[in-house]
Amino acid sequence: MIYKSDFVNEALARGFLYQSTNLEDMDTYLATPGKRAYVGFDITAKSLHVGHLLPIFTMRLFQKHGHQPILIVGGGTTKIGDPSFRNTTRPMLTDDQIAENLKGIKACLMPFLKFGDEGNSAIMLNNDTWLGSLNYLDFLREIGTFFSVNRMIGFDSVKTKLQENNSLSFLEFNYMIMQGYDFYTLFKEYNCPIQLGGQDQWGNIVCGIDLIRKKAGKEAYGFTNPLLTTSDGKKMGKTANGAVWLSPELMSAYDFWQYWRNVNDDDVIKLLYLFSDIPVQDIKKMENIHGQELNELKILLADSVTTIIHGKESLNEIHQCASGMFGQACNDLSKMSQIRKHKINMSQISNTSIIDILVDSQLCNSRSDAKRLLRGRGVYINDETIDENFKFSADTQSRDMLKLSCGKKKNVILLIE
């Protein structure tokens, strides 16, 4: 089916849509450029991660087709914490922690969209602006009456938690109302009738739509993305060392690039549709590529995503790192700025086992993991294989830095001080 809206057509072609409310009416509404939609991000950490990319890239597409994205950073809702599909309650953050996280989240979002004062430039808002000044009794009287507890506990995000006997505090239960109020505020104050989000946000989005319908007598729309998973059904965005962060302070451009370079063969085409600006018709021509040629597509994918987040200028150094140009000498720090660093004291190096260094540098999760890799000849210093009996020689101790690798995918630079 061909839709009226270029945004809807391309969003469907790329695989961005999981579920929507009244898609045909929303399509008609979006057939004319200049409309607004919003997506929200709570600020529970200092950085966003790969799991946030689908709604962000959906907003990039929204802006590409002449519409105006609104990004909400949840300074207010973060004080409550979204309980959706979580087994445990989110830790309560202080105001100072939220303020610090806010800086990092804003920095993560800036590279993806065009901001400014012209045309359909993206808008960034903090929902603490309106949530932080609410009077509790007035809010209950004005908004609470429009929410049915029976309906709220019927949504999967809440029902699953209750069925598994996981605690759901009254504070967390309010989250759905707060997000619904966000939607109502944006509808009323910013003429924004569309909310985007991950598929776990469906219940929260529908609550906002119901509130707008009951309180304003108008129609609003929801659009959710699918969960980002690999071809074997596993959730994407995790590595042996934790989340794949978007902030360069938490993950280097090189490690970020390597994550995409090493995705499963069966996932490459899907990820090119989702996370590149390559035209849909060009990606279709790649669908029959198999075998060794897939490596070129993986590099294309890694280059595309990394360029958007870290800038095109980062690719030259990344490609040099990836092609092994650091080889034996491995002593040019300017060429290694994209690889994670680990400092080690000169006075301790002769008394520190390679097993401890592998764990301390986060190349291995445990001593047993390090021993297994060493016994399997999977650990290298300056591309030379070593075993668990390795000792730093006078020659290695005289270097300022060394490249320590686990296989071909995980590298760290040892800075000897």
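The structure displayed is predicted, hence computed values, not measured ones.

(A) Broad picture of the pattern of salt bridges. Summed over all chains, the structure comprises 15 salt bridges. The shortest N-O distance in the salt bridge between Lys 64 and Glu 10 comes to 3.0 Å. With Lys 64 in helix H3 (residues 53-64) and Glu 10 in helix H1 (residues 6-14), this residue pair connects regions lying 54 residues apart in the sequence. Between Arg 367 and Asp 356 there is a salt bridge; the shortest N-O distance is 2.4 Å. Note that Arg 367 is positioned in helix H19 (residues 367-375) and Asp 356 in helix H18 (residues 354-360), a separation of eleven residues in sequence. Judged by relative accessible area, which is 41%, Arg 367 ranks as partly exposed. By relative accessible area, Asp 356 is classed as partly exposed at 30%.

(B) Geometry of unusual backbone geometry. For Gln 362, which is not glycine, the phi dihedral falls at a positive 70°. Positive phi outside glycine occurs at Arg 377, with the angle close to 60°.

(C) Inspection of the packing of aromatic side chains at higher detail. In this structure the tally under the stated criterion is eleven aromatic pairs. Aromatic side chains Phe 57 and Phe 112 sit 5.8 Å apart centroid to centroid with 70° between the ring planes, which places their arrangement in the edge-to-face category. Of this pair, Phe 57 sits in helix H3 while Phe 112 sits in the loop between helix H4 (95-109) and strand E4 (123-126), placing them 55 residues apart in sequence. The same class applies to Phe 57 as to Phe 112, namely buried. Here the aromatic rings of Tyr 181 and Tyr 184 are separated by 6.3 Å at their centres, their planes lie at 40°, and the arrangement is tilted.

(D) Seen up close, the packing of H1 against H3. At a minimum axis distance of 9 Å, the contact between H1 and H3 shows a crossing angle of 145°. In this structure, H1 crosses over H3, and the sense of that crossing is right-handed. Between H1, through Phe 7, Glu 10 and Ala 11, and H3, the contact on the second element is made entirely by Thr 58, Leu 61, Phe 62 and Lys 64. A class-by-class count of the residues in the contact of H1 with H3 yields four nonpolar, one polar and two charged.

(E) Structural context of the pairing of strand E5 (residues 194-198). Counting buried positions along E5 yields five of five residues, so the element is predominantly enclosed. Taken together, the five bridges between E5 and strand E6 (residues 221-225) define a ladder with parallel strand orientation. When the sheet's bridge partners are listed, Gln 195 is paired in E6 with Gly 222.

Calculation rules
Residues numbered from 1 in each chain as written. Predicted model: local features only at pLDDT ≥ 70, side-chain atom pairs only at ≥ 80, totals over all residues. Heavy atoms only, no water. Salt bridge = Lys/Arg side-chain N within 4 Å of Asp/Glu carboxyl O. Helix = DSSP H or I, 4+ residues; strand = E, 2+ residues; numbered from the N terminus. Buried < 20%, exposed > 50% of the residue type's maximum accessible area, 1.4 Å probe, protein only. Phe/Tyr/Trp six-rings, centres within 6.5 Å; stacked < 30°, edge-to-face > 60°. Axes fitted to C-alpha atoms, helices over the stretch in contact; angles between N-to-C directions. Left-handed = near helix turned anticlockwise from the far one by under 90°. Contact = heavy atoms within 4.5 Å. Nonpolar A, V, L, I, M, F, W, Y, C, P; charged D, E, K, R; others polar. Pairing = 2+ DSSP bridges.

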